[in-house]
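Understanding the architecture of this molecule
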Amino acid sequence: AYEKFQAEIETLSAQADVLSLKSSYLGKKGAVSEILKSLKDATPEERKEIGPKANEIKQEIEKLVAKKLSDIELAQINEKLSKNKIDITFTDAVKAKNNNHGGFHPRTLVQQEVEDIFLSMGFEVLDGPHIETEFYNFEALNIPGDHPARDMQDTFWFKDEKSPEGNKHLLRTHTSTIQVRGMQSRKPPFRFIAPGTVFRCERTDASHEMVFQQLEGMMVGKDISVSNLIYFMKEILTEIFKKDVEVRLRPGYFPFVEPGFELDIKCQVCSGKGCSVCKQVGWVELLPCGMVHPNVLRAGGIDPEEYNGFAFGLGLDRLVMMKYGIDDIRHLQSGDLRFNSQFKEY
Ligand code: PHE
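Residues numbered from 1 in each chain as written. Predicted model: local features only at pLDDT ≥ 70, side-chain atom pairs only at ≥ 80, totals over all residues. Heavy atoms only, no water.

Here we come to the sheet that holds strand S6 (residues 247-251). One open sheet holds the seven strands; their spatial order is S1-S4-S5-S9-S8-S7-S6, and the pairing between them is mixed. Among the strands making up the open sheet, the edge pair consists of strand S1 (124-125) and S6. For strand S7 (residues 257-266) and strand S8 (residues 283-292), the ladder comprises eight bridges, and the chain directions are antiparallel. Residue Phe261 lies in a different strand from S8, and its bridge partner there is Cys289. Seen against the sheet, helix H6 (residues 106-120) touches S1, strand S4 (190-199), strand S5 (211-221) and strand S9 (308-315) and runs at an angle of roughly 5 degrees to S5. (Pairing = 2+ DSSP bridges. Helix = DSSP H or I, 4+ residues; strand = E, 2+ residues; numbered from the N terminus. Contact = heavy atoms within 4.5 Å. Axes fitted to C-alpha atoms, helices over the stretch in contact; angles between N-to-C directions.)

Laid out in structure tokens, this is it:
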């Protein structure tokens, strides 16, 4: 009976047929059930011999049925899958026809790249508030209330008469605020960068915006020198541009560094010939930097007798412009898709 069942079940491919075959063997009037029933008229010897065998056959049949049913189910799934194939070329086809999927803004692309470079050099990445107090934006950076350097950065002030003198609120004019916050919350030696938006009440032109991005950097430790600073700055620019870019170092004045430098790069928009971005001079101020002023270290809770360091304020928007040859900073904030979509990576 078992062999016959085996042969029969082989030929079936529908669940219902398998179930009815099963019942014709194991059902009430089924062949195997009949055998088991007939045992009551058998002799004890016959029972001993036939009983276990019949039970064995019953179990084998049940196993075969279960396997067959699952085979059938699998075949059905496979058939469905082969009919409803997913067209993996479909999304590419849509992209080609209708290229309006999102992409990263060139600023984001450059910022991510620069962050990676600094992370690989052991820098942390910090963040800080856009709305700051006079203390963090000026005083702690060695720019007291009557200091003429306050005029270097046209500030957006909040109307908050209630705040005590020296603690009035403003939109940060540079990311140097995070130098102070960073120093206050860690112990030397440390190194960090802080990319972010800054605000200045300025006339806009091809190279100036009221809202723009800087990337602050600070390294504090023992016996840090100007040559360490220059080495780092050059190394970073080579990493960013993936080639040797021409740079020049000039003395620069910022109350929070001494000595201070302006690191300019050869304008990549006009290759130094002169254009609206470099104001016809062929060079772009990209990386102001210097050795941290002792008063600033003190304001951050660090003893300048024991530690020193350097700081820099990379102009991120200008860097984006130099990398991609963008001739007007205002494009970056325009929200114009014709501009933005040129930077998709495919
Ligand atoms: N905070 C300065 C600015 O915005 C740049 C700077 C940062 C200069 C750090 C020196 C050191 O103009």
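There's plenty left to go through after this.
Moving on, we come to the packing of aromatic side chains. Per the counting criterion, the structure on display carries 13 aromatic pairs. When the ring of Phe138 is compared with that of Trp157, the centres are 6.3 Å apart and the planes differ by 35 degrees; the resulting orientation is tilted. With Phe138 in the loop between helix H7 (134-137) and strand S3 (169-171) and Trp157 in the loop between H7 and S3, this pair connects stretches of sequence that are 19 residues apart. A relative accessible area of 1% places Phe138 in the buried class. A centroid spacing of 5.7 Å and a plane angle of 15 degrees characterise the contact between Phe190 and Phe192, whose relative ring orientation is stacked. As far as the burial class goes, Phe190 and Phe192 line up, both buried. Taken together, the aromatic side chains of Phe118, Phe123, Tyr231, Phe232, Phe310 and Phe312 make up a single cluster linked through ring pairs. It is Arg181 that lies over the ring of Tyr136; its NZ or CZ is 3.9 Å from the centre. Above the face of the Phe123 ring, Arg191 is positioned so that its terminal group lies 5.9 Å from the ring centre. (Phe/Tyr/Trp six-rings, centres within 6.5 Å; stacked < 30°, edge-to-face > 60°. Buried < 20%, exposed > 50% of the residue type's maximum accessible area, 1.4 Å probe, protein only. Lys NZ or Arg CZ within 6 Å of the ring centre and 35° of its normal.)

Moving on: the site of the ligand. Near the ligand you find 15 residues, and of these His174, Ser176, Arg200, Gln214 and Gly313 are the closest. Ser176 has a polar side-chain atom sitting 2.8 Å from a nitrogen atom of the ligand. In the model, an oxygen atom of the ligand is placed 2.9 Å from a nitrogen or oxygen of the Gln214 side chain. With respect to the detected pockets, the ligand is housed in the largest pocket. When residues of the shell around the ligand are traced back to their parent elements, those giving at least two are S5, S8 and S9. (Near = heavy atom within 4 Å. Polar contact = N/O pair within 3.5 Å; in protein donor to acceptor, adjacent residues only side chain to side chain. 1 Å grid on protein atoms, 1.4 Å probe; cavity = no way out; pocket = protein on both sides within 12 Å on 5 of 7 lines; lining within 4 Å. Sits in = over half its atoms within 2 Å of the grid points.)

Let's shift gears to the pairing of S9. Judged by how many residues are buried, S9 sits mostly within the fold: seven of eight residues are covered. As judged from the eight bridges shared by S5 and S9, these two strands associate in the antiparallel manner. What sits directly across from Val220, in S9, is Gly309.

Over its 15 residues, H6 runs 21 Å from end to end, which matches the ideal 21 Å to within 8%, given 1.5 Å per residue. Of the residues flanking the end of H6, it is Gly122, one or two places downstream, whose phi is positive at about 85 degrees. (Expected span 1.5 Å × (residues − 1).)

Of the voids in this model, the largest pocket is the one considered here, and its volume is about 620 Å³. Ranked by residues supplied to the lining of the largest pocket, first place goes to S8 with five residues. The residue inventory of the lining of the largest pocket, partitioned by class, reads twelve nonpolar, eleven polar and eight charged. Approximately 160 Å³ is the volume attributed to the second largest pocket. As for the second largest pocket, its lining consists of 13 residues, and the residues nearest its centre are Lys279, Trp283, Val284, Glu285 and Arg318. Listed by contribution, the elements that provide at least two residues to the lining of the second largest pocket are S6 and S8. With three residues, the single largest contributor to the lining of the second largest pocket is S8. (Points joined across faces, edges and corners; volume = space filled by probe spheres on them. Nonpolar A, V, L, I, M, F, W, Y, C, P; charged D, E, K, R; others polar.)

It is worth spelling out the state of the cysteines at this point. Note on terminology: disulfide describes a covalent bond linking the sulfur atoms of two cysteines. Summed over the entire model, instances satisfying the criterion amount to zero disulfides. No disulfide involves Cys267; its sulfur sits 3.6 Å from that of Cys270, the nearest cysteine. You can see Cys275 has no disulfide; the closest cysteine sulfur is in Cys270, sitting 3.6 Å from it. Residue classification places Cys275 among the buried residues on the basis of a relative accessible area of 13%. (Disulfide = S-S within 2.5 Å.)

A word on helix H8 (residues 177-184). With six of eight residues buried, H8 lies mostly within the body of the structure. Those residues of H8 that fall on the buried side of the exposure criterion are Thr177, Ile178, Gln179, Val180, Gly182 and Met183. Against strand S2 (131-133), H7, S4, S5, helix H10 (294-299) and S9 lie the buried residues of H8.

One finds Met233, Phe310, Phe312 and Leu319 to be the most contacted residues of the largest nonpolar core, which totals 45 residues. Taken together, the elements giving at least two residues each to this core come down to H6, S5, helix H9 (226-241), S7, S8, S9 and helix H11 (316-324). Ranked by the residues each element gives to this core, the list is headed by H9, at seven residues. Sequence-distant contacts of Phe312, defined by excluding residues within four places in its chain, comprise Phe118, Ile193, Leu215, Glu216, Gly217, Met218, Met233, Leu287, Pro288 and Cys289. Grouped together as the second largest cluster of nonpolar side chains are 25 residues, Leu141, Ile143, Phe192 and Val257 included. (Core = buried A, V, L, I, M, F, W, Y, C linked by side-chain atoms within 4.5 Å.)

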